[in-house]
Amino acid sequence: MPRWQNQSRLFGCRPTRILTPQSSTAVGTVVAEAAAAQSPVRMVGAGTVQGDVAVSSGVLLRADALTDLQWVEADVVRVGAGVSLAKLEADLHRSGRAIAGLAGPSDATVAGTVSTSGYGFRVPLNCAVRALELVTADGDVRWYSADTDIARAAMGGIGAFGIITALELHTVPAYWNHVTSTTLTFDDAAQNWRDWVQDSAWLQWWWVPGSQRVLVWRAGPAVANMPPTAAALPTPTEPRWRRRVGLAVPLLLPRLNRTAVLGAAADLAAPWSAGVRGPDARAVSTTWTVPLDQALPALRILRESLRGAAQTTTTALIVRALDADTGLLSPFRDRRSALISARVHLPAPFERYFRAVADALAPFDARPHLASYLPQTPASPLAGHPGVAAARELRAALDPSGLFDSAAVARLLGS
């Protein structure tokens, strides 16, 4: 039997078949056949998700061939499910357009990012969706406006409501961010947090548990006129540090662990183990959101919790401010959030560290990012999410036979 694994190689499966449909219609045909055979069916993108949401015991579809990209309006682009964020950014940049807040090139696919509530600098990618094409459990291929219940369920729905085969995304004129970075003590950074949230178009921290300092990135208003050399550089939404590092040392250090290098600058006393990694480097992360106004107490409790549990790591924990979206199961649903992501490079141990993060954030109405690794607990991590009841009801109506079920869907939705 064929085998599939995600990029971290922590999760994999042996589906009955792995297919690469060439069109949305072909996806519909496969789904109809799977329904008749009572076989589960899932679609995967680039495998960048670090949880088990794409694992399937039935038919596994790859989105590799769904890569059409065309303009349907002056500011709306239609993209196939398999288009990578890197290709999307590059193609839009050549047209003088961009997706608001998209956080740099990635091999993650557009549909995978939307179905797992992917996020950008300040704006979740779901906010750019104007409509999406969905293959439903009966094999029909239909377009749904982003303001419909079914589309809201599919955005962040980890494939439980149908298979996204194409999306229409709203674009904005290409722009440049003016990015500044500073290092401060944790306490000084916390004191400035509220002002930064209010004044910055983009705010992000890098903090290594056990370290006394924080590296802070802030982006001010976009620069109106791009430099004349812009066409020769990567996409305009990419941070300047990434352009400089990527252009200066792509051959000498192609796998530079940039987060680790930046974090080391924040606190040279931290016990760093690796700045450069080989081509087979793997990582896993656990990511949660808390209400933005609860970020400071949550971070302080997290710092004390990790200190008390003697949890240290050489990889920075990332904190990012994000606006609300409307995805039914999105961690950003209807609230501005602080996203807190803990990352570990494998094969280093991570389970105890990730559990400590989840436990520390739980009292602050923490919601999981479903594409990340979630520590196993007796209760579903979505138990307190306001969209769960509606998601269960809608899934029962759209997919009564459980065609799009997986172990992750059953666990997360409690079915």
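Given the structure is predicted, the values throughout are model-derived calculations rather than measurements.

Participant: In this structure, what is going on with the overall build of the chain? I would like to understand it.
Facilitator: Looking only at helices and strands, the chain features 11 helices and 19 strands. Scored against the burial criterion, the 415 residues of the chain give a buried share of 54%. Contacts in the chain between residues at least 24 apart in sequence constitute 68% of all its contacts with a sequence separation of at least 6.

Participant: Before we go on, may I ask you to explain the packing of aromatic side chains in this structure?
Facilitator: All told, the structure shown has 10 aromatic pairs when counted by the stated rule. Both rings, one in Phe186 and one in Trp205, keep their centres 5.9 Å apart while their planes meet at 85 degrees; by these two values the pair is edge-to-face. Of the two residues, Phe186 sits in helix H5 (residues 186–199) while Trp205 sits in strand E14 (residues 202–207), which places them 19 residues apart along the sequence. Here Phe186 falls in the buried class, since its relative accessible area comes to 2%. By relative accessible area, which is 1% here, Trp205 ends up buried. Linked through ring pairs, Phe186, Trp193, Trp205 and Trp207 together constitute an aromatic cluster.

Participant: Can you help me understand the confidence of the model for the chain in this one?
Facilitator: Keep in mind that low pLDDT regions are not for reading the predicted coordinates in detail. Per-residue confidence for the chain averages 80 on the pLDDT scale, and 80% of its residues sit at or above 70. Considering only residues more than four positions removed or in separate chains, one finds that residues 226–276, a stretch of pLDDT under 50, has 89 contacts.

Participant: For this particular structure, what's the right way to read the sheet that holds strand E11 (residues 163–170)?
Facilitator: Through backbone hydrogen bonds, the strands of a sheet pair up, either in parallel or in antiparallel fashion. Reading across the sheet, the 5 strands line up as E6-E7-E11-E9-E10 and stay open at both edges, with antiparallel pairing between neighbours. This sheet does not close on itself; its edge strands, each paired only once, are strand E6 (69–73) and strand E10 (141–145). On average, adjacent strands in this sheet sit at an angle of 20 degrees to one another, irrespective of strand direction. Sheet topology places strand E9 (residues 129–135) next to E10; 5 bridges connect them, and they run antiparallel. Counted as the bridge partner of Glu133 is Trp143 from E10. Relative to the sheet, helix H1 (residues 24–36) contacts E9, E10 and E11, its axis offset from that of E9 by approximately 45 degrees. Relative to the sheet, helix H2 (residues 85–94) contacts E6, strand E7 (76–80) and E11, its axis offset from that of E6 by approximately 55 degrees.

Participant: I would appreciate a short explanation of the sheet that holds strand E13 (residues 179–185) in the present structure.
Facilitator: Spatially, 7 strands are ordered E13-E15-E14-E17-E18-E16-E19 in an open sheet, and the strand pairing comes out antiparallel. With one partner strand each, in any of the chains shown, E13 and strand E19 (367–368) form the two edges of the open sheet. Pairing of E14 with strand E15 (residues 213–219), which is carried by 6 bridges, proceeds in the antiparallel orientation. Residue Gln204 lies in a different strand from E15, and its bridge partner there is Trp217.

Participant: Just checking my understanding: could you explain the nonpolar core for this structure?
Facilitator: A general tendency of soluble globular proteins is for nonpolar side chains to be buried together. In this structure, Trp193 and Trp205 are the most contacted members of the largest nonpolar core, which totals 60 residues. It is helix H9 (residues 351–361) that provides the largest number of residues to this core, a total of 7 residues. In this structure, Trp205 is in contact with Phe186, Ala189, Ala190, Trp193, Trp196, Val214, Leu215, Val216, Leu299, Leu317, Ile318 and Val319, ignoring residues within four places of it in sequence. Counting residues in hydrophobic clusters, the runner-up holds 42 residues, among them Ala63, Ala108, Ala151 and Leu169.

Participant: Can you help me understand unusual backbone geometry in this one?
Facilitator: Generally, phi is negative for residues other than glycine and the peptide bonds are trans, each holding for most cases. Along the chain, Leu346 connects to Pro347 via a cis peptide bond; the corresponding omega equals 15 degrees. Its place among the elements puts Pro347 in the loop between strand E18 (337–345) and H9. In this structure, Gln38 takes a positive phi of about 55 degrees despite not being glycine. Here Gln38 shows up in the loop between H1 and strand E4 (41–44). Among the residues examined, Gln38 registers a relative accessible area of 74% and is labelled exposed. In this structure, Ile158 is a non-glycine residue whose phi angle is positive, near 45 degrees.

Participant: Explain the pairing of E6 here, please?
Facilitator: In this structure, E6 lies alongside E7, joined through 4 bridges in antiparallel fashion. Residue pairing across strands places Leu69 opposite Val79, the latter belonging to E7.

Participant: How should H1 be read in this particular structure?
Facilitator: Note on helix geometry: an α-helix contains 3.6 residues per turn, so any two residues three or four positions apart are oriented the same way. Between its first and last C-alpha, H1 extends 19 Å over 13 residues, near the 18 Å set by a 1.5 Å rise per residue. Buried residues in H1 make contact with strand E3 (17–19), E4, strand E5 (59–62), E9, E10 and E11. Gln38 sits one or two positions beyond H1 and adopts a positive phi of about 55 degrees.

Participant: I would appreciate a short explanation of the environment of Leu132 in the present structure.
Facilitator: If you trace the backbone, Leu132 turns up in strand E9. Counting along the chain gives 18 residues from Leu132 to Val114, while the straight-line C-alpha distance between them is 10.0 Å. The residues contacting Leu132, other than those within four sequence positions of it, are Arg142, Trp143, Tyr144, Ala151, Ala154, Met155, Ile164, Ala166 and Leu167.

Participant: I'm lost on the pattern of salt bridges in this one. Help?
Facilitator: Throughout the structure, instances matching the rule amount to 16 salt bridges. Here Glu168 and Arg78 are joined by a salt bridge, their closest N and O atoms 2.3 Å apart. Of this pair, Glu168 sits in strand E11 while Arg78 sits in strand E7, placing them 90 residues apart in sequence. In this structure, Asp91 and Lys87 form a salt bridge, with 2.9 Å as the shortest nitrogen-oxygen distance. In this pair, Asp91 and Lys87 both sit in helix H2, 4 residues apart, roughly one turn of the helix. Residue classification places Lys87 among the partly exposed residues on the basis of a relative accessible area of 37%. If you follow the salt bridges from partner to partner, you end up with Glu73, Arg78, Arg130 and Glu168 in one network.

The rules we used
- Residues numbered from 1 in each chain as written.
- Predicted model: local features only at pLDDT ≥ 70, side-chain atom pairs only at ≥ 80, totals over all residues.
- Heavy atoms only, no water.
- Helix = DSSP H or I, 4+ residues; strand = E, 2+ residues; numbered from the N terminus.
- Buried < 20%, exposed > 50% of the residue type's maximum accessible area, 1.4 Å probe, protein only.
- Contact = heavy atoms within 4.5 Å.
- Phe/Tyr/Trp six-rings, centres within 6.5 Å; stacked < 30°, edge-to-face > 60°.
- pLDDT = per-residue confidence, 0-100.
- Pairing = 2+ DSSP bridges.
- Axes fitted to C-alpha atoms, helices over the stretch in contact; angles between N-to-C directions.
- Core = buried A, V, L, I, M, F, W, Y, C linked by side-chain atoms within 4.5 Å.
- Expected span 1.5 Å × (residues − 1).
- Salt bridge = Lys/Arg side-chain N within 4 Å of Asp/Glu carboxyl O.

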